[in-house]
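One letter stands for each residue in the lines below.
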Amino acid sequence: MSKITTALVIGGGVAGPVAAMALRRAGIDAAVYEAYPTTADGIGGSLAIAPNGLAALGTIAAEDAVLAVARPISRMAMAVGTRRFLTQPGLPGLPPLQLLWRADLHHVLHDRAVAQGIPITHGKRLVDAEETTSGITARFADGSHASADVLIGADGIHSTVRTLIDPDAPGPDYTGLLGFEAITGYEVPAEPDTITFVFGKRGYYLYRPRPGGGTEWGANLPQDRPMSLAEARQVPAADWLGILGEAYAEDVPGHQLIQHTSADRLQVLGSLRIMPSLPHWHRGRMVLVGDAAHAPSNTSGQGASLAIESAVQLARCLRDLPAAPSAFAAYERLRRPRVEQIAAGAARVNRAKAPGPVARVLMPLLMPIVMKTVMAPERALAPVQRYTIDWDEPVTAAH
Ligand SMILES: Cc1cc2nc3c(=O)[nH]c(=O)nc-3n(C[C@H](O)[C@H](O)[C@H](O)COP(=O)(O)OP(=O)(O)OC[C@H]3O[C@@H](n4cnc5c(N)ncnc54)[C@H](O)[C@@H]3O)c2cc1C
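Since we're looking at a predicted model, the values are computed, not measured.

Visitor: When you look at the environment of Val14 in this model, what are you seeing that I'm missing?
Guide: Here Val14 shows up in the loop between β1 (6–10) and α1 (15–25). As a C-alpha pair, Val14 and Ser305 span 291 residues in sequence and 9.3 Å in three-dimensional space.

See the structure below:
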C-alpha cells in the first residue's frame, strides 16, 4: 500500500467530523457520510467534555466553537445516601469540565467541518465495504457508493464497520440501567456551577442548578431488561415519572425533583450501553474510532472526550506512517491502553449504581474511590484529564 491521501469517514457524530478535520490538517482529504437525513436535533441528552477532550479539540481549532455552546461545571460533589462530599474545583491549571447538549456538539462540529470545506453527506447509511489492492469502496443503503484509500468507522456504539472488520466482534453490553434527563423549576440547595452525583437508596442520579433558576437532573434507573430508545419512548413520559418516583421515593432531593417535573420536560434516553474490549480495531483498510471502538460507561464522563482524542491520534498516525496497516497498528498502540484503563475504572463505579442490596455490598468498594477523588484529586484525575496530544511530534512505527 502507498501513502494514504484520501479517507471515507462513516458517521457524522463526534468522532467523524473531528477525524475529518484532523485528517485535513494532516494533508489527507476526508469525506463524511452520515446515516441520518439531518443532524442530531433534539436527540440525546447532555454530555461532558473534560479538559483532555477540550485540549484535543484545540489541535483542530474547534475548542472555541465548542466552548461557545457549553457551560462550565467548576465543582463536583458526590453523595452516598445523605453524606455529600464537595470535591475541589477541578485540577489547577486546567479549564473546568464543560457541559453541553449532544445535539449542540454535533451541530458545532458539523458546521466547523463544513466551513473547512469537508463534505458531509446525510442520508448515507453504510451497509457494506469492498477492498481492492488500491483502495476501498463503501456501499450505502440507497445504492450509491464512494471510494478512497481508507475507511474510518466513526459510526457509534452500534457500528456497522465493526462487523465488517470482524463479523464475530462483540456488540455493546447493557449496563442494567436506563437513562433519563429532565428539567424542573424545583430549586435544590446546591452551589451554582456544581454537579452532584448521588448514590441513592435504590438507584443513582445526579442534579445541577440551572442558570436562571430551576434544576437539571438525570437518573440511571436499574432495570434487568434492556430497552431500545424507540421502545422506551413508547412508554408515556408520565408513566416513567411514576416509575422513577417509586424507585427514588426515599431519596432527598431525588424524589422532590421527580415529583416537580412535568412529563413534557422528561427526556427518555433508553438503555445505557458500554463496549467490551474489542479483539480487532482494524483490518486491511478499515479502522474504528470513537464509540465504535471504545464506549466507556457514562459514569466516566469521558465518552466524547476519548472519541475526540482517538480521532486526532488516528490522523497523526495516518500522516506519519507510510501505509494503513502500520498507521492503524501505531494508532491502536497509542490508544488501547488508555481507553481500556478508563473504561475499567468507570465499570467499577458503574456496578455500584445497581439497586439496594447489591449497592450496599458494593458501597465499601466504591467509598475508597470516592474518598481518593475527594482527598487526592490530582492523583485520581490527573492521568485522565492532563492528557494532551503533541500534534507536531512525529509518530513512528515503534511508538
Ligand atoms: C441516540 C444517542 C444518544 C446519546 N446520548 C448521550 C447522552 O445523553 N450523554 C452522553 O454522554 N452520551 C450520549 N451518547 C453518546 C455520545 O454521543 C458518544 O459517546 C460520543 O458522541 C462519541 O461519539 P461518536 O462519534 O463515536 O458516536 P456518535 O456520536 O454516536 O456518532 C455516530 C454517528 O454515526 C452514525 N451512523 C451509525 N451507523 C451508521 C452507518 N451504518 N452509516 C453511516 N452513519 C452511521 C450515527 O447516526 C451517528 O451520527 C448518545 C449516543 C447516541 C447514539
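Visitor: Got a minute to help me understand unusual backbone geometry in this structure?
Guide: Leaving glycine out, the prevailing phi sign among residues is negative, and the prevailing peptide bond configuration is trans. For the peptide bond that leads from Val252 to Pro253, omega is 5 degrees, which places it in the cis range. Examined against the element boundaries, Pro253 turns out to sit in the loop between α7 (237–247) and α8 (254–259). Of note in the backbone geometry, Ala61 takes a positive phi value of approximately 55 degrees without being a glycine. On the secondary structure map, Ala61 appears in the loop between α2 (51–58) and α3 (63–67). Positive phi is not limited to glycine here, since Asp193 has a value of about 60 degrees. Among the secondary structure elements, Asp193 is positioned in the loop between β13 (173–184) and β14 (194–199).

Visitor: Explanation requested: the sheet that holds β1 in the structure shown.
Guide: Backbone-to-backbone hydrogen bonds pair the strands of a sheet. The strands run either parallel or antiparallel. Pairing is mixed in the open sheet, where six strands are placed in the order β8-β2-β1-β12-β19-β18. Of all strands in the sheet, those with a lone pairing partner are β8 (120–121) and β18 (282–283), marking the two edges. Of the strand pairs in this sheet, β1 and strand β12 (residues 150–153) are connected by four bridges, and their pairing is parallel. By the bridge assignment for β12, Ala7 is matched with Val150.

Visitor: I tried to follow the site of the ligand on my own but got confused; where do I start?
Guide: Of all residues adjacent to the ligand, which total 28 residues, the nearest are Val14, Ala15, Glu34, Arg102 and Asp291. Ser46 places a main-chain nitrogen or oxygen 3.0 Å from a nitrogen atom of the ligand. Here Arg102 contributes a side-chain N or O atom positioned 2.8 Å from an oxygen atom of the ligand. Of the residues assigned to the shell around the ligand, the class counts are twelve nonpolar, ten polar and six charged.

Each value, and the rule that gives it
- Residues numbered from 1 in each chain as written.
- Predicted model: local features only at pLDDT ≥ 70, side-chain atom pairs only at ≥ 80, totals over all residues.
- Heavy atoms only, no water.
- Helix = DSSP H or I, 4+ residues; strand = E, 2+ residues; numbered from the N terminus.
- Pairing = 2+ DSSP bridges.
- Near = heavy atom within 4 Å.
- Polar contact = N/O pair within 3.5 Å; in protein donor to acceptor, adjacent residues only side chain to side chain.
- Nonpolar A, V, L, I, M, F, W, Y, C, P; charged D, E, K, R; others polar.

So far we have only geometry, and geometry alone does not tell us how the molecule works.
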